[in-house]
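# Reading the structure
In case you want the letters, here they are:
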Amino acid sequence: MEIQFKKLELEDKEIVDRLFKMQGSRSCECTFANTYLWSRQYKVEFAVIEEMLVFHYITGKKRFTFPSGNRENLKKVLDLLMEWCREQGEEFHLAMVTPQNFARLEELYPGKFTIEYIRDVADYVYETEKLIRLAGKKYHGKKNHINKFQKTYPDWSYESINRDNVEECFQMALDWRKENECDADPGKNAEMCVTLNALRLFEELGFKGGLLRAGGKVIAFSIGEPVCDDTMVVHIEKAYAQVQGAYPMINQQFLLHEAQGYPYVNREDDAGQEGLRQAKLSYHPAFMVEKGMVSFVKEDGQ
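Residues numbered from 1 in each chain as written. Predicted model: local features only at pLDDT ≥ 70, side-chain atom pairs only at ≥ 80, totals over all residues. Heavy atoms only, no water.

## Brief notes about the nonpolar core
In this structure, F221 and I223 are the most contacted members of the largest nonpolar core, which totals 65 residues. Contacts of I223, omitting those with residues within four sequence positions, involve I161, A198, L199, F202, F207, K208, G209, V233, V234, H235, I236 and F254. Counting 24 residues, the second largest nonpolar core, distinct from the first, contains F66, L78, W84 and F92. (Core = buried A, V, L, I, M, F, W, Y, C linked by side-chain atoms within 4.5 Å. Buried < 20%, exposed > 50% of the residue type's maximum accessible area, 1.4 Å probe, protein only. Contact = heavy atoms within 4.5 Å.)

Written as structure tokens, this is what we have:
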């Protein structure tokens, strides 16, 4: 059988957005923009099968994403993917599978699959209002950082990112890349390529963004988008390390100005980096979006 997988292009945005929206997932991967930008760094292709969207990752262990779209066709699509793998001589794996996805798999194929949840790719989801207000003892440190920032930089200002100021963010990102020696680290370099392309294609990808100025200069910016009806996802956040309080300030201001009406904010995973994990935990997530790898249950003797 033949499934027409192809590289993701900008003209695919409308259909990908529509099928992701039908899924209603809070997972940070479930947006066209995020998938498109990272598909320039890792080998991934996609197909629309029976009104369902499937991505096929071909870097490292080959795997599919859990199909998104018309849920009535889920079993048919999974059966087709399993048959395709048999014909290709490829093992069948599903990646980024949430507990809700796996429960559906269990209904359709009882006992056929196993899942291994991967802590490093679990998304941190927060209550937006709590990250704006920063009220109470547990946010006392964050509030202090913001107060110090406002006192140190009394001329600070916030602006939504638009075609008039996006180039300043681009130049700041280039500066940030140099300061943080990203070219010497493949992971950091890939992340910066995504950041720069996000700014280049800011309007085309439908992003929301915000920046902070101090002394007239851009010192921080943040980029995100809605991932579903009740959740905004923050994909990118950059600030100068030497500007104390810039990170908590852009975090708060972006949500205040760009995420009103979205009860939750997904601030993505920590990629297993201990410093990043502690920073994300310090904001007290409401819950995590767990994701795992699904494989066939191995038979005895295999």
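## Brief notes about helix α7 (residues 166-179)
Its 14 residues give α7 an end-to-end C-alpha distance of 20 Å, which sits within 8% of 20 Å, the value for a rise of 1.5 Å per residue. Three or more residues of α7 are buried, namely V166, C169, F170, M172, A173 and W176. Projected down its long axis, α7 carries its buried residues within an arc of 165°, all on one side. Close packing links the buried residues of α7 with α8 (186-200), β9 (208-214), β10 (217-228), β11 (231-239) and α9 (246-258). At the C-terminal side of α7, E181 shows a positive phi close to 50°. (Helix = DSSP H or I, 4+ residues; strand = E, 2+ residues; numbered from the N terminus. Expected span 1.5 Å × (residues − 1). Arc of directions from axis to C-beta.)

## Re the sheet that holds β11
In spatial order, the strands read β8-β9-β10-β11-β12-β7-β13; together these seven strands make up an open sheet with mixed pairing. What marks the edges here is a single partner per strand, and that holds for β8 (157-160) and β13 (287-289). Here the average twist between neighbouring strands, direction ignored, is 30°. Relative to β9, β8 runs antiparallel, the two sharing four bridges. Bridge pairing in β9 links E159 to L211. Where α9 meets the sheet, it contacts β8, β9, β10, β11 and β12 (264-266), and its direction lies at approximately 135° from that of β9. (Pairing = 2+ DSSP bridges. Axes fitted to C-alpha atoms, helices over the stretch in contact; angles between N-to-C directions.)

## Details of the pattern of salt bridges
On inspection of all chains with the given rule, the structure shows 20 salt bridges. Residues R26 and D230 are paired through a salt bridge, measuring 2.7 Å at the closest nitrogen-oxygen approach. Within this pair, whereas R26 is found in the loop between α1 (13-23) and α2 (32-38), its partner D230 is found in the loop between β10 and β11, the two being separated by 204 residues in sequence. You can call D230 partly exposed: its relative accessible area is 22%. (Salt bridge = Lys/Arg side-chain N within 4 Å of Asp/Glu carboxyl O.)

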